[in-house]
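Breakdown of the fold
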Amino acid sequence: DNSPPTTSPTSAKPTVPAAVCVKASVKFMAGSSVPMVEIDYDYPGSDPLPSDWVGLYPCDTEMPPRVEPTLWAYTCYSRVCRRDPVDSATGIGSFIFDDATLASYSSTRTSLTLQEIVTTQPGCYYVLLNRIDGDSAPPYYNICEGNEIELLPGDGPPINPTPAPV
């Protein structure tokens, strides 16, 4: 039997399942040292909006973050969908952060590409699903926290090869 364990119905108040509504997975293309980050989100019960977005933050960032994310994208990923009709946001989907397909809106002065992250700020990052609430400045309204990932150079050519002794 592979069904999930059930809890006793004796609880006095309803509990919200502790399901993660956003998850990140690191992937590499063969021979590439630059990762891609696959994002899956599932939050239809949290009144999704077209302006909801996913951000990657260094793991040592204080919660809730009062800084811009290192890398971010709207849940529609490829374009600015912030002003789309509210009913266009389903709250279920996925996209892949990939330097080859990063939308121009996410290349702000505070954002880094994945190449820049693994070169200049490699390490632990966590993923947050956020909502703009009011003006477009941090802190943002956090819909949910996702998992931690390691953004490190992959199995491609070394970024800064150490010269061999002569």
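Here the residue numbering is sequential within each chain, running from 1 through the sequence in written order. Note on the predicted model: pLDDT of at least 70 is required for a residue's local features to be given, and 80 or more for side-chain atom pairs to be given and counted; whole-chain, interface and lining totals, by contrast, use all residues. The side-chain quantities take in all heavy atoms of the structure and omit both hydrogens and water.

With respect to the sheet that holds strand S5 (residues 92-97)
So the rule is basically this: At least two DSSP bridges between two strands are required for those strands to pair. Numbered from the N terminus, helices here are DSSP runs of H or I no shorter than four residues, and strands are runs of E no shorter than two. Axis geometry follows a simple rule: fit a line to the C-alpha atoms, using only the stretch in contact for helices, then measure angles between N-to-C directions, giving values from 0 to 180 degrees.
Here three strands make up an open sheet; going across it, the order is S1-S2-S5 and the pairing antiparallel. Strands with a single pairing partner mark the edges of an open sheet, and in this sheet they are strand S1 (22-27) and S5. The mean inter-strand angle of the sheet, taken between neighbouring strand axes irrespective of direction, is 15 degrees. By the bridge criterion, six bridges tie S1 to strand S2 (residues 36-42) in an arrangement that is antiparallel. Counterpart to Ser25 in the pairing with S2 is Glu38.

Description of the state of the cysteines
Put simply, the test is: When two cysteine sulfur atoms are found within 2.5 Å, that pair is recorded as a disulfide. Partly exposed residues are those whose accessible area sits between 20% and 50% of the maximum for their type, while under 20% is buried and over 50% is exposed, using a 1.4 Å probe and protein chains only.
In total, this model carries three disulfides according to the counting rule given. There is a disulfide in this structure between Cys76 and Cys81, and the S-S distance comes to 2.1 Å. Where Cys76 bonds to Cys81 through sulfur, the torsion about that S-S bond is close to -100 degrees, and the disulfide is left-handed. Look at Cys76 and you get partly exposed, because its relative accessible area is 28%.

Considerations on the environment of Cys124
Inclusion rule: The contact rule is simple, with two residues in contact once any of their heavy atoms fall within 4.5 Å.
By the secondary structure assignment, Cys124 is in strand S6 (residues 123-131). Classification of Cys124 by relative accessible area gives partly exposed; the value is 22%. Along the chain, Cys124 and Ile149 lie 25 residues apart, while their C-alpha atoms are 5.7 Å from each other. Discounting chain neighbours no more than four positions away, the residues touching Cys124 are Tyr57, Pro58, Cys59, Glu148, Ile149 and Glu150.

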